[in-house]
Amino acid sequence: MAADIGGFEDPSAEVLAEAAAAFGLLASSARLHLVWALAQGESDVTHLADRVGGALPAVSQHLAKLKLAGLVRSRREGRRQIYFVDDPDVVTVVRVMVGQLAARAEGTSLSVRSLRGAGG
């Protein structure tokens with residue numbers, strides 16, 4: 001029986017497992033950096049590798065895992081694959097977590113509202 005605390009019912013075991021898997025993928029700093037970069041705008045693998053400082057094959061593997069998990073998507077433009085995050089909730093979660101930690105490191109605090117409005 002699911003608990004209903006504070007107006008929220010506990011999610012199913014399947015939903016929790018799926019969320020844990022998604023968070024597990026984002027537990028890699030390399031993949032988190034890729035999602036952060038893609039939250040700012042779409043890009044191809046070459047530009048992403050340059051931006052995050054990763055080797056092209058490693059970045060491609062990370063993107064494949066993120067794509068399989070449904071955290072990023074891609075489309076073909078000529079010979080290039082263009083990657084993007086099309087789920088605004090994924091963008092919000094990443095921006096809130098990384099933004100809050102960056103703000104703490106700087107000794108300030110950011111609101112969720114300001115992070116949601118930042119670039120998309």
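Before going into details, it helps to say that this report is about the structure given with it. This structure is a prediction, so every number in the text was calculated from the model and none was measured.

### Observations concerning the overall build of the protein chain
Point 1. Regarding its fold elements, the protein chain presents six helices and five strands.
Point 2. Ordered by position from the N terminus, the helices and strands of the protein chain form the series β-β-α-α-β-α-α-β-β-α-α.
Point 3. Looking at the 120 residues of the protein chain, the share that counts as buried comes to 28%.
Point 4. Restricting the contact set of the protein chain to residue pairs at least 6 apart, pairs at least 24 apart contribute 48%.

### Comments concerning the pairing of strand E4 (residues 73-77)
Point 1. Bridge count for E4 against strand E5 (residues 80-84) is five bridges, and the pairing is antiparallel. Opposite Arg75, over in E5, you have Ile82 as the bridge partner.
Point 2. A loop of two residues connects E4 with E5, the two strands running antiparallel in sequence, and Gly78 in this loop sits at a positive phi of about 65°.

### So, the pairing of E5
Point 1. Pairing analysis gives two bridges linking strand E3 (residues 43-44) to E5, with the strands arranged antiparallel. Note on E5: the bridge partner recorded for Ser43 is Tyr83.

### Things to note about the packing of helix H3 (residues 45-52) against helix H4 (residues 56-68)
Point 1. Two numbers describe how H3 lies on H4: the axes approach to 9 Å, and their chain directions differ by 110°. Here H4 runs roughly perpendicular to H3, going by the angle between their axes. Across the interface between the two elements, Val45, Thr46, Leu48, Ala49 and Val52 from H3 touch Leu56, Val59, Ser60 and Leu63 from H4.
Point 2. Taken together, the residues that form the contact of H3 with H4 break down as seven nonpolar, two polar and no charged.

### Digging into the pattern of salt bridges
Point 1. For the structure shown, the criterion picks out five salt bridges.
Point 2. As a salt-bridge pair, Arg75 and Glu42 come within 2.7 Å of each other at their nearest N and O atoms. Taken together, the residues Arg75 in strand E4 and Glu42 in the loop between helix H2 (29-40) and E3 connect sequence positions 33 residues apart.
Point 3. Between Asp44 and Arg80 there is a salt bridge, and its shortest N-O distance comes to 2.8 Å. Here Asp44, found in strand E3, pairs with Arg80, found in strand E5; they are 36 residues apart in sequence, far enough to count as distant.
Point 4. Judged by its relative accessible area of 7%, Asp44 is buried.
Point 5. A network of salt bridges, in which partner residues are shared, links Glu42, Asp44, Arg75, Glu77 and Arg80.

### Re the side chain of Asp44
Point 1. Within polar-contact distance, the side chain of Asp44 engages the side chain of Arg80 at 2.8 Å.
Point 2. Apart from the residues lying within four places of it in its own chain, the contact partners of Asp44 are Arg80, Gln81 and Ile82.

Calculation criteria
- Residues numbered from 1 in each chain as written.
- Predicted model: local features only at pLDDT ≥ 70, side-chain atom pairs only at ≥ 80, totals over all residues.
- Heavy atoms only, no water.
- Helix = DSSP H or I, 4+ residues; strand = E, 2+ residues; numbered from the N terminus.
- Buried < 20%, exposed > 50% of the residue type's maximum accessible area, 1.4 Å probe, protein only.
- Contact = heavy atoms within 4.5 Å.
- Pairing = 2+ DSSP bridges.
- Axes fitted to C-alpha atoms, helices over the stretch in contact; angles between N-to-C directions.
- Parallel < 35°, antiparallel > 145°, perpendicular 65-115°, else oblique.
- Nonpolar A, V, L, I, M, F, W, Y, C, P; charged D, E, K, R; others polar.
- Salt bridge = Lys/Arg side-chain N within 4 Å of Asp/Glu carboxyl O.
- Polar contact = N/O pair within 3.5 Å; in protein donor to acceptor, adjacent residues only side chain to side chain.

Take it as geometry only, folks, not as evidence of what the structure does.
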